[in-house]
Amino acid sequence: MEQLGMLNGIQQSDHFWKRADGLIPCGTQCLSKGPTQFVYGYAPKYLVKGDGCLVTDADDNKFIDYGMGLGAVSIGYNDPVVNEAIIAQLKDAITLTLMHPLEVEVSELVREVIPCAESVRFGKNGSDVTTAAIRLARAYTGKDIVLCCGYHGWHDWYVITTERTSGIPPIMEELTKKFTYNDIDSLKALMETYKGRVAAVIMEPVGITMPQAGFLADVRDITHENGALLIFDEVLTGFRLSLHGAQGHFGVTPDLATFGKAVANGMPLSMLVGRKEIMAALEHVFFSFTFGGEMLSLAAAKATIQQMKARNTIGHVNEMGKLLKESGNALISKHGLADRIQIKGPDAKTLFVYSDSSEANLVKSFLQQEMIRRGILFTSYNYISYAHKQDHIQYTLDALDDCLGELSEARRQDNIKARIEGIPVAPVFRMA
Ligand SMILES: Cc1ncc(COP(=O)(O)O)c(C=O)c1O
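All values reported here derive from a predicted model rather than from experimental measurement.

With that settled, consider the site of the ligand. Taken together, 12 residues surround the ligand, and among them Gly 126, Ser 127, Tyr 151, Asp 233 and Lys 261 come closest. Gly 126 is positioned such that a nitrogen or oxygen atom in its backbone is 2.8 Å from an oxygen atom of the ligand. Between an oxygen atom of the ligand and a side-chain N or O atom of Lys 261, the distance comes to 3.1 Å. Against a free-state accessible area of 390 Å², the protein chains account for coverage of 84% of the ligand. Class assignment of the residues belonging to the shell around the ligand gives a composition of three nonpolar, five polar and four charged.

Below is the structure:
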């Protein structure tokens, strides 16, 4: 393995950050990529290159990446097959004035693998298609209330349920309500309160905790009994948990589903799919935009899905995730930290969870800083790609062992805060 870690400092990162000051509000295009999510003053801020599962920052420091473009890069950075498909398409055209056959070809591929995908439409971001799904559900049912569970993007209908509602008319609050994962009574209670008014239940089929036996099927049944549509938001689970989505994995087929991230190995593509009869209502629902049908992303999606099928890349992702989760949890126990940290979630998208305590954020920041020092670009989420091989995982586990040892020592000496070489990570904007 080449030399990883913070060998060259962060001067170049800081140089760009200074130039962004006053020019780019928040400093970033995506809050989850911004410097508040890392130890500010220690961690790198800008990456310039990715290859396989390795990334290089603006100062030429190299890391094994577990962020993988926030879960978008599913096969690996700079993958030769996906690159070739993009380059071949680039030579023909990026976006044209009429439709392109790739729209049909990729739709057919998706229909083959996703249970509810009788019909397919494309978007760019996950938020495009979750919002289209809601508009479609309202049009189809003639109702207006949305019940949601999970994170669904940046548009008004969802963000009104979070703590960051600035700029959204308060009246929107009346239309979206949240229920609790694995708590079927919380859904039933909302259905009772809004009887006859619910257009859709939209949910991440699995987040941090696995669904209790029968939970997803119960959600489907209650949703249908109340005349609403069930939408699985598979932006994170799709083309990651299984080639057939969480819906295939758990055997519960929704009416509509949304996909994004992993489907095009980092190119911006999302999809709204669903039952033909419902999707047909898109004939009179407005969902149309200039870059719909942009072809580099479709070419990338075609090559990505074909590779997923031919090489069982998702099986590999799950296997490596399981190794990281199980061995990582064993190390956490070995260091007596199981009451503070746990690695949870499905194997394909595991998450470091820090127990709710006053020191949780410090523990998270310290661990992240020390992993970065050792050459692992570490966020709480672990998005493993096909490019993460056993030796990358083993390197990560060895580093984790080291860092957990230091963390135990810091807790014994009660000086975690003093050992953090910058401003600790700020809570993420992400509602459970
Ligand atoms: C489950 C889920 N839905 C929707 C979205 C929104 O996707 P995007 O950020 O591409 O708009 C995300 C993004 O993280 C997500 O995790």
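Moving on from the model shown.
What follows concerns the environment of Glu 294. Note on placement: Glu 294 falls in the loop between α10 (276-279) and α11 (295-311). Considering only alpha carbons, one finds Glu 294 and Met 99, 195 residues apart in sequence, at a separation of 9.1 Å. If we skip the residues at most four places from it in the chain, Glu 294 touches Ile 94, Thr 95, Lys 124 and Pro 268. Within the local environment of Glu 294, its side chain forms a polar contact with the backbone nitrogen of Leu 296, the two atoms lying 2.6 Å apart.

Another aspect to go through is empty space enclosed by the protein. Counted according to the given criterion, the structure contains two cavities of 30 Å³ or more. What the largest cavity holds in volume is close to 40 Å³. What lines the largest cavity is simply Ser 74, Phe 239, Arg 240, Met 308, Thr 313, Ile 314 and Val 317. Top contributing element to the lining of the largest cavity by residue count: helix α12 (residues 313-334), with three residues. Its residues assigned to classes, the lining of the largest cavity shows four nonpolar, two polar and one charged. Residues lining the lining of the largest cavity come from more than one domain, with at least three contributed by each of domain 1 (11-65 + 313-419) and domain 2 (80-311). Taken as a whole, the second largest cavity encloses approximately 30 Å³ of empty space. Lining the second largest cavity are Leu 324, Phe 352, Met 371, Phe 378, Asn 382, Thr 396 and Leu 400. A per-class count over the lining of the second largest cavity returns five nonpolar, two polar and no charged.

Quick notes on the rules
- Residues numbered from 1 in each chain as written.
- Predicted model: local features only at pLDDT ≥ 70, side-chain atom pairs only at ≥ 80, totals over all residues.
- Heavy atoms only, no water.
- Near = heavy atom within 4 Å.
- Polar contact = N/O pair within 3.5 Å; in protein donor to acceptor, adjacent residues only side chain to side chain.
- Areas by Shrake-Rupley, 256 points an atom, 1.4 Å probe, with all protein chains shown as cover.
- Nonpolar A, V, L, I, M, F, W, Y, C, P; charged D, E, K, R; others polar.
- Helix = DSSP H or I, 4+ residues; strand = E, 2+ residues; numbered from the N terminus.
- Contact = heavy atoms within 4.5 Å.
- 1 Å grid on protein atoms, 1.4 Å probe; cavity = no way out; pocket = protein on both sides within 12 Å on 5 of 7 lines; lining within 4 Å.
- Points joined across faces, edges and corners; volume = space filled by probe spheres on them.
- Domains from an automatic or database assignment.

That is the geometry; function is a separate question.
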